[in-house]
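Spelled out, the chains give:
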Amino acid sequence: MKMLVFFVAIILYYSCATNPYKSSNKSYKKQTKDFAKMLSQYPIRDSVSNASYFVASTNFNLRKPNLVILHHTAQNSCDETLKTFTTTKTQVSAHYVICKDGTVHHMLSDYLRAWQAGVSKWGNATDINSISIGIEIDNNGFEPFTDPQINSLLQLLDRLKRAYNIPTANFLGHADIAPGRKVDPNKYFPWQKLAENGFGFWYDTTGIQIPSGFDEMKALRIIGYDLKNPDAVIQSFKLHFVQSDSTKTINDDDKKILVDLMKKYQ
Ligand SMILES: [Zn+2]
């Protein structure tokens, strides 16, 4: 019996000692405990200073994510990315990382705010980190995504969409919300396949006529794009919807796509 306890102790010691993420796991627990403590503070500390009374309501729950932002890691392996997201000095993270073999790493509770979107805008929302789930897909930025990756992604998106009632329009790429600053996920990302599964919209230009006086920039704005840099926004639009074309010009075919898309996204 003593011998058994000894061996179990040895196994436990080595399994902990060899876990490369032991210290970040510990830090996660501590940080979430600190947030729990902050949330349970009473009187409420974040209210306006001129509030005379504190009356706790009985009716609430946690805020839920309403957007999903997809990324490619622009790194060479999943291990490299896990290391990046567990190192304090990088100041970046995501809720999920999907490796080439389809393995999904869950790094943060869906209720926590990951640091993945950075300076970004969609519609009139600017603090995208506060309202979104970030999913990083292992990819160096210049290669196609693997089938196991996309299968795992579709399963994950299905769970997220149902759990948080995320609208079909709100599955976006990092490039969509940060034109000119970000170009991920790359042009090989299967947006059409995602749309066919209910994550984002796709277009059908059959029978579409371009209305006279059609303004493509207005259409891009209606879809949700930030127009601050017009060339960049066209690049982001093409990366998502016209992946074979890397130019920054809008031709008549693109206009037809926009006419159809703006009806779906508006
Ligand atoms: Zn990104």
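Cut-offs used in this document
- Residues numbered from 1 in each chain as written.
- Predicted model: local features only at pLDDT ≥ 70, side-chain atom pairs only at ≥ 80, totals over all residues.
- Heavy atoms only, no water.
- Donors = N, O, S within 2.8 Å, 3.2 Å for Na, K, Ca; no water.
- Helix = DSSP H or I, 4+ residues; strand = E, 2+ residues; numbered from the N terminus.
- Buried < 20%, exposed > 50% of the residue type's maximum accessible area, 1.4 Å probe, protein only.
- Arc of directions from axis to C-beta.
- Contact = heavy atoms within 4.5 Å.
- Polar contact = N/O pair within 3.5 Å; in protein donor to acceptor, adjacent residues only side chain to side chain.
- Axes fitted to C-alpha atoms, helices over the stretch in contact; angles between N-to-C directions.
- Parallel < 35°, antiparallel > 145°, perpendicular 65-115°, else oblique.
- Nonpolar A, V, L, I, M, F, W, Y, C, P; charged D, E, K, R; others polar.
- Phe/Tyr/Trp six-rings, centres within 6.5 Å; stacked < 30°, edge-to-face > 60°.

Enquirer: Could you give an account of the coordination of the zinc ion, naming the residues involved and the relevant values?
Expert: Only His71 (ND1), His174 (ND1) and Asp184 (OD) from the protein reach the zinc ion as donors, at distances of 2.0 to 2.2 Å. Counting along the primary sequence, the residues that act as donors to the zinc ion give the motif H-x102-H-x9-D. Within this pair, whereas histidine 71 is found in strand β1 (residues 67-72), its partner aspartate 184 is found in the loop between α6 (174-177) and α7 (191-196), the two being separated by 113 residues in sequence. Summarising the burial analysis for this pair, histidine 71 and aspartate 184 share the class buried.

Enquirer: Give me the lowdown on helix α8 (residues 216-223), citing residues and values where you can.
Expert: Listing the buried residues of α8 in full gives Ala219, Leu220 and Ile223. Buried residues along α8 cover an arc of 100° about the axis, so they all sit on one side. Those residues of α8 that are buried are in contact with α9 (230-241) and α10 (252-265). Its side-chain oxygen at 3.0 Å from the backbone nitrogen of methionine 217, aspartate 215 defines the N-terminal cap of α8. A positive phi of about 140° marks glycine 224, the residue just after α8.

Enquirer: Summarise the packing of α9 against α10; cite the residues concerned and give the values.
Expert: Between α9 and α10, whose axes approach to 13 Å, the crossing angle comes to 85°. Comparing their axes, α10 and α9 come out roughly perpendicular. The segment α9 lies against α10, with Phe237, Lys238 and Phe241 engaging Asp254, Ile257, Leu258, Leu261 and Tyr265. For the contact of α9 with α10, the class distribution of residues is six nonpolar, no polar and two charged.

Enquirer: Break down the packing of aromatic side chains for me, with residues and values.
Expert: One pass over the structure, following the stated rule, counts 12 aromatic pairs. With 5.2 Å between their ring centres and 85° between their planes, phenylalanine 145 and phenylalanine 189 make a pair best called edge-to-face. Of this pair, phenylalanine 145 sits in the loop between β4 (132-137) and α5 (147-164) while phenylalanine 189 sits in the loop between α6 and α7, and the two are 44 residues apart along the sequence. With relative accessibility at 10%, the residue phenylalanine 145 sits in the buried group. Phenylalanine 189 sits in the buried class, given a relative accessible area of 0%. When the centroid spacing of 6.5 Å and the interplanar angle of 55° are considered together, the rings of tyrosine 203 and phenylalanine 241 count as tilted. Of this pair, tyrosine 203 sits in the loop between α7 and α8 while phenylalanine 241 sits in helix α9; the two residues are 38 residues apart in sequence, bridging distant segments of the chain. A residue is classified by how much of its surface remains accessible, and phenylalanine 241, at 2% relative accessible area, is buried. Chaining the aromatic ring pairs together yields one cluster made of Phe201, Trp202, Tyr203, Phe237, Phe241 and Tyr265.

Enquirer: Account for unusual backbone geometry, naming residues and giving values.
Expert: The amide bond that connects aspartate 184 to the next residue, proline 185, takes the cis arrangement and shows omega of 0°. Along the polypeptide, proline 185 turns up in the loop between α6 and α7. Of note in the backbone geometry, alanine 74 takes a positive phi value of approximately 55° without being a glycine. In this fold, alanine 74 is placed in the loop between β1 and α3 (78-85). Phi is positive for glutamine 91, which is not a glycine, with a value near 60°. The topology assignment puts glutamine 91 in the loop between α3 and β2 (96-98).

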